[in-house]
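Given next are the chains, with one letter for each unit.
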Amino acid sequence: MLAVKRRLGLPLCLGFFILYLIFNLRSRESDERLWSATAAQQESLVDPKVLHDDDYFWRRIPTHYPVRSMKSLPTGRPPRTLHPIQAEFAYETKGDRQRRLRRQSAVKAAFQRCWRAYAAHAWLQDEVAPVSGSAKNHFGGWGATLVDSLDTLWIMDMKDEFDEAVAAAANISFETSSLTEINAFETTIRYLGGFLAAYDLSKDERLLQKAREVGDMLYVSFDTPNRMPISRWNLDNAVSGEKQSAPQLALVAEIGSLCMEFTRLSMVTGDPKWFDATERIMLALKEQQMKTQLPGLWPISVNPREMKFTEDNTYSLGAMADSVFEYLPKMVALTGGLLPHYEEMYKKAMETAIRFNMFRPMVPDEADILISGIVRTSEGGKYTVETQGQHLVCFAGGMLAVGGRLLNETEHLVAAKKLVDGCIWTYKNMPLGIMPEIFWMAPCESDAHCPWDERKWKQALLARAGLNPDDLDSAAYIIKDRRLPLGFTDIPDRRYILRPEAIESVFIMYRTTGDTKLLDSAWDMFEAIQASTKTDMANSAVADVTVASSTDTQQTDSMESFWMGETLKYFYLIFSEPDLISLDEWVFNTEAHPFRRLNPQR
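So, how was this worked out
Residues numbered from 1 in each chain as written. Predicted model: local features only at pLDDT ≥ 70, side-chain atom pairs only at ≥ 80, totals over all residues. Heavy atoms only, no water. UniProt positions renumbered as here; feature names shortened; annotations may be inferred. Helix = DSSP H or I, 4+ residues; strand = E, 2+ residues; numbered from the N terminus. Contact = heavy atoms within 4.5 Å. Polar contact = N/O pair within 3.5 Å; in protein donor to acceptor, adjacent residues only side chain to side chain. Pairing = 2+ DSSP bridges. Buried < 20%, exposed > 50% of the residue type's maximum accessible area, 1.4 Å probe, protein only. Axes fitted to C-alpha atoms, helices over the stretch in contact; angles between N-to-C directions. Parallel < 35°, antiparallel > 145°, perpendicular 65-115°, else oblique. Left-handed = near helix turned anticlockwise from the far one by under 90°. Nonpolar A, V, L, I, M, F, W, Y, C, P; charged D, E, K, R; others polar. Disulfide = S-S within 2.5 Å. Core = buried A, V, L, I, M, F, W, Y, C linked by side-chain atoms within 4.5 Å. Salt bridge = Lys/Arg side-chain N within 4 Å of Asp/Glu carboxyl O. Phe/Tyr/Trp six-rings, centres within 6.5 Å; stacked < 30°, edge-to-face > 60°. Lys NZ or Arg CZ within 6 Å of the ring centre and 35° of its normal.

Asks: Let's hear about the UniProt feature "binding site: Ca(2+)" (unreviewed entry) in the protein: which residues, and what values?
Replies: Taking the UniProt record as the reference, the feature "binding site: Ca(2+)" (unreviewed entry) is found at T590. Relative to the assigned elements, T590 resides in the loop between β15 (586-588) and β16 (594-596). Not counting the four nearest positions on each side in its chain, T590 is found in contact with F185, I189, S323, E326, Y327 and E566. Side chain to side chain, T590 and E326 meet in a polar contact 2.8 Å long.

Asks: Which residues make up the pairing of strand β11 (residues 382-386), and what are the values?
Replies: Of the strand pairs in this sheet, strand β10 (residues 374-378) and β11 are connected by five bridges, and their pairing is antiparallel. Residue pairing for β11: T377 is matched across the bridge by Y383. In this structure, the hairpin formed by β10 and β11 is closed by a connection of three residues, where G380 is found at a positive phi of approximately 80 degrees.

Asks: Could you give me a rundown of the UniProt feature "active site" (unreviewed entry) in the protein, with the residues and numbers involved?
Replies: The UniProt record annotates "active site" (unreviewed entry) at E186, D322, E437 and E501. As for its position among the elements, E437 is in the loop between α16 (410-428) and β13 (438-441). We classify E437 as buried; its relative accessible area is 9%. Contact partners of E437, with chain neighbours within four places excluded, come to G389, Q390, H391, D493, R495, I497 and R499. Within the secondary structure, E501 is located in helix α19 (residues 501-513). Among the residues examined, E501 registers a relative accessible area of 10% and is labelled buried. Ignoring anything within four residues of it in the chain, the contact list for E501 reads H391, L392, C394 and F395.

Asks: For the packing of α16 against helix α20 (residues 517-533), give the residues involved together with the corresponding values.
Replies: Remark: α16 packs on α20, axes separated minimally by 11 Å, with the N-to-C direction vectors making an angle of 40 degrees. Judged by the inter-axis angle, α16 sits oblique to α20. Viewed along their axes, α16 and α20 form a crossing whose handedness is left-handed. Contact residues: α16 offers I424, Y427 and K428, while α20 offers L518, S521, D524, M525 and I529. Split by residue class, the contact of α16 with α20 holds five nonpolar, one polar and two charged.

Asks: For the environment of V50, give the residues involved together with the corresponding values.
Replies: Mapped onto the elements of the fold, V50 is located in helix α3 (residues 48-51). Not counting chain neighbours up to four residues away, the residues in contact with V50 comprise E205, L208, Q209 and R212.

Asks: Tell me what's going on with the sheet that holds β10, and back it up with residues and numbers.
Replies: Strand order in this open sheet of three strands is β7-β10-β11, and the pairing throughout is antiparallel. Both edges of this open sheet fall to β7 (314-316) and β11, since each of them pairs with a single strand only. Strand-to-strand twist across the sheet, computed as the mean angle between neighbouring axes with direction ignored, equals 25 degrees.

Asks: How would you sum up the state of the cysteines? Please name residues and give values.
Replies: Under the definition given, this model contains two disulfides. Across the disulfide, C394 is cross-linked to C423 (sulfur-sulfur distance 2.1 Å). Between C394 and C423 the disulfide shows an S-S torsion of about -115 degrees. By sign, it is left-handed. Linking C394 in the loop between β12 (388-390) and α15 (395-407) with C423 in helix α16, this pair joins segments that are 29 residues apart in sequence. No difference in accessibility class separates C394 from C423, as the two residues are buried. A sulfur-sulfur distance of 1.9 Å marks the disulfide that ties C444 to C450. Judged by the torsion about the S-S bond (-85 degrees), the C444/C450 disulfide is left-handed. Taken individually, C444 and C450 each receive the classification buried, so the pair is uniform in this respect. The connectivity of the disulfides in the protein is 1-2, 3-4, where the numbers refer to bonded cysteines in sequence order.

Asks: An account of unusual backbone geometry is requested, with residue identities and associated values reported.
Replies: For E366, which is not a glycine, the phi torsion comes out positive at approximately 60 degrees. For E366, the position within the fold is in the loop between β8 (358-359) and β9 (371-372). Exposure remark for E366: the relative accessible area of 40% places this residue in the partly exposed category. Not every positive phi belongs to a glycine, and R483 is a case in point at roughly 50 degrees. Among the structural elements, R483 can be located in the loop between α18 (472-481) and β14 (488-493).

Asks: Go over the nonpolar core with me, naming the residues and quoting the values.
Replies: Across soluble globular proteins, you tend to see nonpolar side chains buried next to one another. If you look at the biggest cluster of nonpolar residues, it comprises 195 residues, and the most contacted ones within it are W58, L150, F325 and L400. Examining the composition of this core, we find that eleven residues originate from one element, helix α7 (residues 184-202), more than from any other. Contacts of L400, omitting those with residues within four sequence positions, involve Y346, M350, I354, M358, H412, L413, A415, A416 and L419.

Asks: Tell me about the pattern of salt bridges, and please be specific about residues and values.
Replies: All told, the structure shown has 42 salt bridges when counted by the stated rule. Linking E386 and R376 is a salt bridge whose minimum nitrogen-to-oxygen distance equals 2.5 Å. Taken together, the positions of E386 in strand β11 and R376 in strand β10 put the pair ten residues apart, joining distant regions of the chain. Salt bridges here are not isolated pairs; linked through shared partners, they connect D54, R59, R212, D216 and K273.

Asks: Describe in detail the packing of aromatic side chains, supporting the description with residues and values.
Replies: All told, the structure shown has 24 aromatic pairs when counted by the stated rule. Here the aromatic rings of F57 and W58 are separated by 5.2 Å at their centres, their planes lie at 90 degrees, and the arrangement is edge-to-face. Relative accessible area serves as the criterion here: at 17%, F57 is assigned to the buried category. Under the relative-accessibility criterion, W58 is labelled buried at 2%. Here the aromatic rings of F89 and Y510 are separated by 5.2 Å at their centres, their planes lie at 65 degrees, and the arrangement is edge-to-face. A residue pair is termed long-range when its members are at least 10 positions apart, and F89 in the loop between α3 and α4 (94-121) and Y510 in helix α19 qualify at 421 residues. Cation over ring: R227 sits above Y219, and NZ or CZ is 5.4 Å from the ring centre.

Asks: Residues and numbers for the pairing of β10, please.
Replies: As paired elements, β7 and β10 share three bridges and run antiparallel to each other. Its bridge partner lying in β10, S316 is registered against I374.

Here it is as structure tokens:
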């Protein structure tokens, strides 16, 4: 019988091999067709009115500054092979699997509580107030929590709730808003990103139509003389037909973090107009990248009206700049490497950031960790590093892990691990086990050797307070009055607003390394957050994470949509099977919405 099996095995193997070749050829051809498809070609697959509707409200607004030459979506083969992002995972014992699944179930239960609270108290509003049970509308009144949560519902296999939410979202009107002025960046990452990801996962054409409608609305904010967008956009002025100009002052993140969503919308509709809109911004940033006062990085504030991106002197990977850097390696992944200037910009930016912005803090256990600070430049090429840490900048470890794996940059991977370890350390060393919004630490004199010195720590916090560094008696008072744990020199913003950035990078680091110790770190973070933020109906931001215990926390009756759209999603995914939203097939926007990656290399 064994000989018979072997004789049958040969033709079977050959048959499977031929099928494998056919499948991969068709997959590659499908990817290339998707990237090069025109709107007309897509119409054979999708209802044409879903892709473009000339009668739609925002398409009927007069255009004052039309595009004369549209940038086309690139086609062909990428110039280099991208490396896998995810690690090869080791065997999981039955006990480890059961523990992981128990933790995953706890995260899902937390999400389900919050979803029920939103559905009961704030359905189709932007947010539910998790203490009072009232509703809030800070993001246009278009159901921000509902749209932000669509892909989380799908990923958590809450298909009944997903279907109900999609039916409700299909009737959201983007012709009017609860706000006169909207934040185009926030609208892009939450609404456009949310609809696109949910469509990529489910293929429900209603979601693609809503994505296109949001894209049509946002496209009107680009109707300026130089086609630079208006980041804080007055809808009433646009509707009334007034001519628009880009602002003279904008945050670099708000104009440079639209490319993933706009490019993906062009990819799935075949209409290059959205890709063209944001590619103009990115190419302008590229042209000035090495002309700034800290070459390689763009400053926090820029002038879109005059297209001057070099004049400010403040440089950070944190708030107001963060996602413009985050999107550089993610655009490489999204487009399959067909736009090599994103790789070039990313490498230049990280070379500078690793050298100038990142510092090793002096901590009691002498842990080899990194924090990303802020650089301010002055005349003569001088610069100072502010040793400030932010919860928001914890995303940087995940960014470097993605870029380092994708492009095989070892230095990036080393920095990524130390940054993620720094965020984990900060969580563990706060009284509640939760990182504050903003904090300061004393830098090491040497990255290679950094012994703990309590006297130097006290001198650093005195200097930070503007006092005589040798007045050590005053140091004891400041430590007690400001509730400063060892290693921290100041905590000017003590809030925790349910932010996702720390667990985001812990999740990405786990997927890129397979290090199971990160699962325990994630669980410690989740339990700490639950203990302090859980309300009778959902979870709330808290005012102060330096208090002695969770019973002393002041809940601020706020639950931004990113809690369900990002934070709980990342907690769920880290305890999932590694192939659920594999980083080799998907790439997350800055609101944790997964877009399917183009893979023309298969």
